[in-house]
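# Topology and contacts: notes
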Amino acid sequence: MIQQIIFALVSIGAIAYAIKQFSSIRRNIMLGQDVEIAGDTGQRIQNTLLIAFGQKKMFKRIIPAILHLFVYVAFLFTQIELIEIFVDGIFGVHRFFAPYLGSLYTFIISFIEILSLGAFVATIAFLARRNLLKLPRFHKNEMTGWPQLDGNLILYFEIILLIGIFSMNGADVVLQSLGSEYYPQTGNFAVSSWLGPALFGGLEESTLIGIERFGWWLHILMVFVFLNYLPSSKHLHILLAFPNTYFAKLTPPGEMENMPTIMNEVKSMMDPNAAMDDVPMDEELPEFGAKDVFDLGWTDVLAAYTCTECGRCTDVCPANITGKKLSPRKIMMDIRDRATEIGQNLDSGDLKWVKEELRAEATTLTKENYDDGKSLFDYITREEIHACTTCNACVEACPILIRPLDPILKLRRYEILTESAGPGDWLPMFNSIENTGAVWQLPDARDKWRDEMLEES
Amino acid sequence: MADMAAEGKTPEVLFWVGCAGSFDARAQKVTKAFCKILNAAEVDFAILGKEEACTGDPARRAGNEFIFQMTALQNIEVLNMYNVKKIVATCPHCFNILKNEYPELGGKYEVQHHTEFLQGLINDGRIKLKEGGAFEGKKITYHDSCYIGRANGIYEAPRSVLQGLDNDLVEMKRAGSRGLCCGAGGAQMFKEDEPGDKRINTARTEDALETGASIVAANCPFCITMMQDGITAAEKSESVMVYDLAELIVNNNGF
Ligand code: SF4
Ligand code: SF4
């Protein structure tokens, strides 16, 4: 009975706290602007199934893909077991489903055990890869501190979880063979039926029950820890990869988003019939491009929270490869960190974050009146965004359809259009296009080559 | 185009020459080579001549939407005035922006890069690649342009054209969808690099030289400039040549 009450309380606490954290993340994502979700829904569903569920893009590198698949599938299937853990925990029963499902039960648990064993091997391999192999993509500047710990922590969690599962099942198997009262026969589990006796054979019944309970609690507690750790971790991708692949743009990667406001303004400038008062002159100058999370699309922010920090993008970025500061992974991480910072300030409700000119009358802090004097440019330097060649290598490499190029271009637009800043080297090119219709200011006629050619023949 | 329109003729295709193809001495050679092929294949084509302006790609990628919209809308006005239906471009940046970005501004055309266009001419038998031409058995490597490859998913067409030249096509270690950029895109061509260990074209040239190929085939005026600069800097310009696909066909067939 005591166990049941403790279980219920712990579950409620853990789930409530997790809900709070997840709703903060949702709010942070929604700091971004509305985005029109264009294109074929069928294609989107297909993307979600193939890329998030089927992990298609992971299979460009086969070994990490298989290891990752084990951890992922084990994770998915362990959730089935969780249903039973909840039922058992609340009603104080043991292996509630076993008698109903019979041999199917044995099969399911065995399947989970085999997957877990695979996941265990994968986890050890990942730990070795992260810490011994020194793959450059795991040791860039942005991967120090929390991101580095985060990458390892999950692997430790996974190991603890597996210890839980196998001590629970292993002790159970031995208890069954002793004919212990509360441990009904469940058939042979694939791994525990030999691992259990090997580890725990010959122990006292009471010790075995202790081990079994320990394993059970360790398992469920680890699940709760994991649930609450997820929101501050890159492992959020386990959940967000699904919406992110669904909402990912379907346009060709070479297509840059149009800016209809500017298009219409230029159109009316070119149209001799357009009435001048179409363009209200007294209005505050509009801001173009993005300087902060509020100016990005919410899907960009979703992508930032989905980023797995795997660094596949940075690994292929020509700017990064040649030692420039730009790292597409860092761009995504910066957007996420900035969104989280804004979210925390909003949560504080402190009116000192209200825009100065509105502060006197403001009664609540909202995303509309928010201003902390900072922006994405406090995270991302100009040098980084200038170095991008728009080569789309990062977009191609990302296993979960993130396009780091999009926010980079939005930041560039802010710099050029709103601030009239940016690399001075670009000015002659802009002027030349505007004045002569060519990227270079040249004395020759555009079709001089043609006359030459006619002469030659 | 103006002359043709005056005579009431509509050409099969409009050749979009682009700024590099019009003004850059190296790229002009590609422009001329492509015209020779079009003539040899008896393609009825036109150019806009002085009525063509920059598509606005570098301005847009740099972030200057105003300049882009101005030049793009002007171009669209001209193209729509001539009722252009089909465009072929030798520059991947022009090709990409005409194909993917002009439609939203009101410029809807069927757009091809000359890589695909050449493949089409070969497949339709309008040009026949001479067997045992100048490149028989020579080692050639192909540099994927970002705006042809990743941006538009064209990997097969250039390789199929090259294979038609009877040569030994060798791939660089980073090729196809994983090909490394030459470093020119995103308006990088028009500014100095940010501080780093080396220039991007140096890294890409190393990839190309590693294959031991004596010819680097490309299909972008900016890639050609970047690769040529890299090869010159590596003091290999005697032994390794950079050519556009159109030039290779012209040399092979002696047009
Ligand atoms: S598009 Fe920009 S950020 Fe992405 S890989 Fe290329 S240079 Fe790097
Ligand atoms: S953006 Fe994609 S490729 Fe880059 S680190 Fe994040 S998940 Fe990996």
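Residues numbered from 1 in each chain as written. Chains lettered and ligands numbered in written order. Predicted model: local features only at pLDDT ≥ 70, side-chain atom pairs only at ≥ 80, totals over all residues. Heavy atoms only, no water.

## Overview of the overall build of chain A
When its secondary structure is counted, chain A shows 19 helices and zero strands. In terms of C-alpha radius of gyration, chain A reaches 29 Å, well past the compact-globule figure of 23 Å for 457 residues. On the principal axes, the C-alpha backbone points of chain A span a range of 95 × 70 × 40 Å. A total of 457 residues make up chain A; the buried ones form 50% of that total. The contacts in chain A between residues at least 6 apart in sequence include a share of 76% that link residues at least 24 apart. Of the roughly 21,800 Å² of accessible surface on chain A, a fraction of 63% belongs to carbon and sulfur atoms. Considering chain A, the positive charge centre built from 39 side chains and the negative charge centre built from 56 side chains are found 6 Å apart. (Helix = DSSP H or I, 4+ residues; strand = E, 2+ residues; numbered from the N terminus. Rg over C-alpha atoms; globule rule 2.2 N^0.38 Å. Buried < 20%, exposed > 50% of the residue type's maximum accessible area, 1.4 Å probe, protein only. Contact = heavy atoms within 4.5 Å. Areas by Shrake-Rupley, 256 points an atom, 1.4 Å probe, with all protein chains shown as cover. Lys, Arg positive; Asp, Glu negative; His and termini not counted. Charge placed at Lys NZ, Arg CZ, Asp CG, Glu CD.)

## Some details on the domain arrangement of chain A
All names here are of chain A. You can read the domains of chain A as domain 1 (2-30 + 61-235), domain 2 (260-277 + 286-422) and domain 3 (428-457). The C-alpha-based centres of domain 1 and domain 2 are spaced at 38 Å. In this assembly, 15 residues from domain 1 lie in contact with 23 residues from domain 2. Taking both sides of the interface into account, the surface hidden between domain 1 and domain 2 amounts to around 1,700 Å²; carbon and sulfur atoms contribute 49%. Area buried by domain 1 at its contact with domain 2 is led by Ile29, Arg137 and Glu142, which between them contribute 35% of it. Taken together, the links from domain 1 to domain 2 amount to three salt bridges. A salt bridge links Arg61 to Asp315, with the nearest nitrogen and oxygen atoms 3.7 Å apart. (Domains from an automatic or database assignment. Buried area = accessible area lost by both parts, 1.4 Å probe. Salt bridge = Lys/Arg side-chain N within 4 Å of Asp/Glu carboxyl O.)

## Some thoughts on helix H7 (residues 192-200) of chain A
All names here are of chain A. Listed as buried for H7 are Ser192, Gly196 and Phe200. Viewed along the axis of H7, the buried residues span an arc of 30 degrees, placing them on a single side of the element. For H7, the secondary structure elements touched by its buried residues are helix H5 (103-131), helix H6 (146-177) and helix H8 (205-229). Where H7 ends, the next residue or the one after it, Gly202, has phi of about 85 degrees, a positive value. (Arc of directions from axis to C-beta.)

## Description of the site of ligand 2
Neighbouring residues of ligand 2: 13 residues in total, closest Cys307, Cys310, Gly311, Cys313 and Cys398 of chain A. Of the residues assigned to the shell around ligand 2, the class counts are eight nonpolar, two polar and three charged. (Near = heavy atom within 4 Å. Nonpolar A, V, L, I, M, F, W, Y, C, P; charged D, E, K, R; others polar.)

## Focus: empty space enclosed by the protein
Residue and element names in this part refer to chain B. For the structure shown, the criterion picks out ten cavities of 30 Å³ or more. Here the largest cavity defines a volume of roughly 170 Å³. Residue lining of the largest cavity: 20 residues in total, with Asp57, Pro58, Cys91, His93 and Phe222 positioned closest to the centre. Among the elements that take part in the lining of the largest cavity, helix H2 (residues 18-23) stands out by supplying four residues, more than any other. Structurally, the lining of the largest cavity is a two-domain feature, drawing no fewer than three residues from each of domain 1 (2-119) and domain 2 (129-253). (1 Å grid on protein atoms, 1.4 Å probe; cavity = no way out; pocket = protein on both sides within 12 Å on 5 of 7 lines; lining within 4 Å. Points joined across faces, edges and corners; volume = space filled by probe spheres on them.)

## Some points on the interface of chain A and chain B
Between chain A and chain B, the contact holds 60 residues from the first and 70 residues from the second. Summing the contributions of chain A and of chain B, the shared interface buries around 5,700 Å²; its carbon and sulfur component is 65%. At the surface where chain A touches chain B, the tally comes to five salt bridges. A salt bridge links Arg413 of chain A to Glu65 of chain B, with the shortest nitrogen-to-oxygen separation between them at 2.9 Å.

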